[in-house]
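Descriptive structure summary
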Amino acid sequence: QVQLVESGGGLVQAGGSLRLSCAASGRTFSMYAMGWFRQAPGKEREFVASVRRVSGYTYYADSVKGRFTIFRDNAKNTVYLQMNSLNPEDTAVYYCAVSTRDALIPTMIAQYDYWGHGTQVTVSS
C-alpha cells in the first residue's frame, strides 16, 4: 500500500500561482510514476501531469503545457505541481496518484493504483 497526502490548494486570483505537494509513504519502492489529476464540478476526472519516478520524464495535458510544471524529490517521496498563470477553468479538486505499473506513457486514470483525497484549487476571475 502507498499512502498519499496532498497539500497546497487554496483560493487564488486569475493570473496567480499555487504549488501543490503530495507526500507518499508506505511501499514507495513500488512507485513507477506519480501524477496529478483534477476534477471540476460536473465533469469527469482528467489527467493534468505526471512524472516517471526514476527517469524524471514528464507528461502534460495540452491545457496546462507551458503553465504547470511537475517535479519530484525522490529523497522525500514527494511530487509537486507548480501552477502558474492560473485561470478560472483550472478550478477543480486536484488529486495526486501513484502508478505501480511500468507504463510507457503514464497519463491514464486506469494506470494509477493509489489516490490521495484531493485538494481544492479555486481560481477567481
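Residues numbered from 1 in each chain as written. Predicted model: local features only at pLDDT ≥ 70, side-chain atom pairs only at ≥ 80, totals over all residues. Heavy atoms only, no water.

1. Digging into the packing of aromatic side chains
To keep it simple, the criterion reads: Stacked, edge-to-face and tilted are the three classes for Phe, Tyr and Trp ring pairs, Trp counted by its six-membered ring, which pair at centre distances within 6.5 Å; planes under 30 degrees apart are stacked, over 60 edge-to-face, the rest tilted. Secondary structure elements are defined from DSSP: runs of H or I of at least 4 residues count as helices, runs of E of at least 2 residues count as strands, and each element is numbered from the N terminus. Accessibility here uses a 1.4 Å probe with only protein chains present; expressed as a share of the type maximum, an area under 20% marks a residue as buried, one over 50% as exposed, and anything in between as partly exposed. Only when the NZ of Lys or the CZ of Arg is both within 6 Å of the ring centre and within 35 degrees of the ring normal is a charge said to sit over the ring.
By the definition in use, this model includes five aromatic pairs. Measuring from centroid to centroid gives 5.7 Å for Phe-37 and Phe-47, while their planes differ by 70 degrees, and the two rings are edge-to-face. A residue pair is termed long-range when its members are at least 10 positions apart, and Phe-37 in strand β4 (residues 33–39) and Phe-47 in strand β5 (residues 46–52) qualify at ten residues. A residue is classified by how much of its surface remains accessible, and Phe-37, at 0% relative accessible area, is buried. Taking the ring centre of Tyr-95 as reference, the NZ or CZ of Arg-45 above it sits at 3.7 Å. Over the aromatic face of Trp-115 sits the side chain of Arg-45, whose NZ or CZ is 4.9 Å from the ring centroid.

2. Here we look at the sheet that holds strand β3 (residues 18–26)
Put simply, the test is: Being paired, for any two strands, means DSSP has found at least two bridges between them. Axes here refer to lines fitted to C-alpha atoms; in helices the fit is confined to the stretch in contact. Angles between the N-to-C directions go from 0 to 180 degrees.
If you walk across this open sheet you meet the four strands as β1-β3-β8-β7, and the pairing is antiparallel. Because the sheet does not close on itself, it has two edges, and the strands there are β1 (2–7) and β7 (68–73). Across this sheet, the average inter-strand angle for adjacent strands is 15 degrees, counted without regard to direction. One ladder, built from six bridges, connects β7 with strand β8 (residues 78–83); its direction is antiparallel. Within the sheet, the bridge partner assigned to Asp-73 lies in β8 and is Thr-78.

3. Observations regarding the pattern of salt bridges
Note the following rule: A side-chain nitrogen of Lys or Arg and a carboxyl oxygen of Asp or Glu constitute a salt bridge if their distance falls within 4 Å.
On inspection of all chains with the given rule, the structure shows six salt bridges. Asp-90 is paired through a salt bridge with Arg-38; the nearest N and O atoms lie 2.9 Å apart. Note that Asp-90 is positioned in the loop between β8 and β9 (92–99) and Arg-38 in strand β4, a separation of 52 residues in sequence. The exposure class assigned to Asp-90 is buried, which follows from its relative accessible area of 1%. With a relative accessible area of 6%, Arg-38 lands in the buried category. For Asp-90, the salt bridge identified is with Arg-67, shortest N-O distance 2.7 Å. Here Arg-67 lies in the loop between β6 (58–60) and β7 and Asp-90 lies in the loop between β8 and β9, a separation of 23 residues in the sequence. In terms of burial, Asp-90 and Arg-67 fall into one category: buried.

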